[in-house]
Amino acid sequence: MLTKKNIQLFTILFLFIALFTTNVKGQNYALFNANKNMTFTKRDTNDIDSAYFFAKIDSIVSFGSDSIYYFNHYFDTISIDPCSAINGLPVMLGNKMIKRDDAVGSHIFINNNGDSIYLRNKIAVGNTWHVYTWPDGSYVKATVINHIPFSPLPLTPDTIYRIQLNVFTLGGIAVPDSFPNQTKIDLAKEHGLIEFFDFRTFPSPGDSLQFLLRGLTNPYEYKSDVDAEKAFTYETGYEFHYREETVPDTISGADKKISAWKFFVMAKTETETSATYTMERILFDTLYFDGAPSANIIWDTVTITYTFADYAFLDTLELNLFQSTKFGYSDWFLEDSLFKGVALKYVYDWFDYDSGTGCLSNPDNITQPEQLYGDGLGLMHYIDSTDAAEYYKFDMVYFHKGLKEWGTPYDFSGLDLEIKENQLANSISIYPNPAHENIYFHNDIQEEMDANIYSMDGKLLISKHINPSTSNIVISISDIPKGYYIIKINTTTEQRFGKFIKD
């Protein structure tokens, strides 16, 4: 997965132009789609040294019945001056492309040497042509070898034509050891070019890694990644544990604050525009003043509303202006390790953007703030700096729902002796939980008591008097609706509390 470190962003956002004409011999697979912006990375380099590449057609010039598309927009998010060389630099598509009005849909890309690279968008299996010709007459031959179902992005059904490249001498003799022999280019019906070489240097083998489609910017069609509504769709019984670190903590004045959070979802209300959750919250803060720690504990019930419009930046899949002058970009992926099978989305933000020049800047010197969101997980990670003297970091360390569990839970009872003693003295262990017909708990103090069950809005639903001789207590809950409830035990000397779910 790409991280915020050493990421080079070569921005050139595709305003793809549809190239639809008819062809009775082959299918018309447009190289660029008018309604989708695409983001690429290099194949097999999804690590901290990888880069995002975006493309933008800056201008289109008619040339008779043909058209010329210019790709000359460039900047680098980690360079000292991202606008120092913005004009005229070629990008991975070269600095221009010529679309011919011919029977085969010729697209001519220009490499750094001014040589032509030929692709077609009206093709069928078995079609052949010369992609590139060297001065000595040797050439790269393209052969359409397959037409197969293939989904270049998750949940986006598609088909592709696979174009195999082979190198031959002028006399037609194969050159097996010469790049790009036995390589391929993939062209998808819905997404256009989804895998191709850097046309700036093609056919040089110097950087032979292919560019691979990573995502689409199109919030209305083929939405395949995490959006705001998906991210904040929780269910009752979900449990989240977080770790938060702030250096320094401006609210308390501490040099550092480390917090452990627990949220347990007790109830939910959803609308088309928001989701509201009632959650049990445990918050354990440790504040550091001159290296000396002090602790604060909060254990309560909170109501939190997530308004989807506040997270609208998640609904656009890739490159996006989050605000009028703030720029960010994102990357979708499917986790295959810790949060196995969960759709996740990284978001990078806080760049200032000048629409006139297309330049990015970072006047506050913040190191690529990044956020991570997951389907049904909400915010999982946030960091706004890597400065050891001033930063904010927030991470989900544990998640539990039903039979699925990820990460390592905090033992909140062990974080501080006082809260541990408080739990032992004042909490009740209810079982089973969730329950259906009855709940059970043990009378370990052998005192006379009253057990009262309340709804989350404080309404008394069940009251039962318990004799001191009763050790194992049973309370029927068959007459109350499904939901989350609080049980309060009153004795002559103390009060105890418990919580349970009626399923």
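Overview of the structure. The shown structure was predicted, so the numbers you read here are calculated from the model rather than taken from an experiment.

**Quick look at the packing of aromatic side chains**
Here comes step 1: Tallied over the full model, the rule gives 27 aromatic pairs.
Here comes step 2: Relative to Y306, the ring of F232 has its centre 4.5 Å away and its plane inclined at 20 degrees; by these criteria the two rings are stacked. In this pair, F232 is assigned in the loop between α1 (228–231) and β17 (239–247) and Y306 in strand β20 (residues 292–307), connecting sequence segments 74 residues apart. Here F232 matches Y306 in class, with each residue buried.
Here comes step 3: A centroid spacing of 4.9 Å and a plane angle of 25 degrees characterise the contact between Y242 and F394, whose relative ring orientation is stacked. Separated by 152 residues along the polypeptide, Y242 in strand β17 and F394 in strand β27 (residues 391–401) bring together distant segments of the chain.
Here comes step 4: You can call Y242 buried: its relative accessible area is 6%.
Here comes step 5: Looking at F394, the relative accessible area reads 11%, which means it is buried.

**Some points on the sheet that holds strand β7 (residues 96–99)**
Here comes step 1: In spatial order, the strands read β5-β6-β7-β8-β9; together these 5 strands make up an open sheet with antiparallel pairing. A strand with exactly one partner marks an edge of an open sheet, and here the two such strands are β5 (59–63) and β9 (116–120). Along the sheet, successive strands turn relative to each other by an average axial angle of 20 degrees, direction set aside.
Here comes step 2: For strand β6 (residues 66–70) and β7, the ladder comprises 4 bridges, and the chain directions are antiparallel. Across the sheet, residue Y69 finds its bridge partner in β7, namely M97.

**Things to note about the pattern of salt bridges**
Here comes step 1: In total, this model carries 11 salt bridges according to the counting rule given.
Here comes step 2: Here D186 ties to K184 by a salt bridge, and the two come within 3.0 Å at their closest N and O atoms.
Here comes step 3: The partly exposed category is assigned to K184, whose relative accessible area is 22%.
Here comes step 4: The network of salt bridges with common partners includes R162, K184, D186 and E195.

Quick notes on the rules
- Residues numbered from 1 in each chain as written.
- Predicted model: local features only at pLDDT ≥ 70, side-chain atom pairs only at ≥ 80, totals over all residues.
- Heavy atoms only, no water.
- Phe/Tyr/Trp six-rings, centres within 6.5 Å; stacked < 30°, edge-to-face > 60°.
- Helix = DSSP H or I, 4+ residues; strand = E, 2+ residues; numbered from the N terminus.
- Buried < 20%, exposed > 50% of the residue type's maximum accessible area, 1.4 Å probe, protein only.
- Pairing = 2+ DSSP bridges.
- Axes fitted to C-alpha atoms, helices over the stretch in contact; angles between N-to-C directions.
- Salt bridge = Lys/Arg side-chain N within 4 Å of Asp/Glu carboxyl O.

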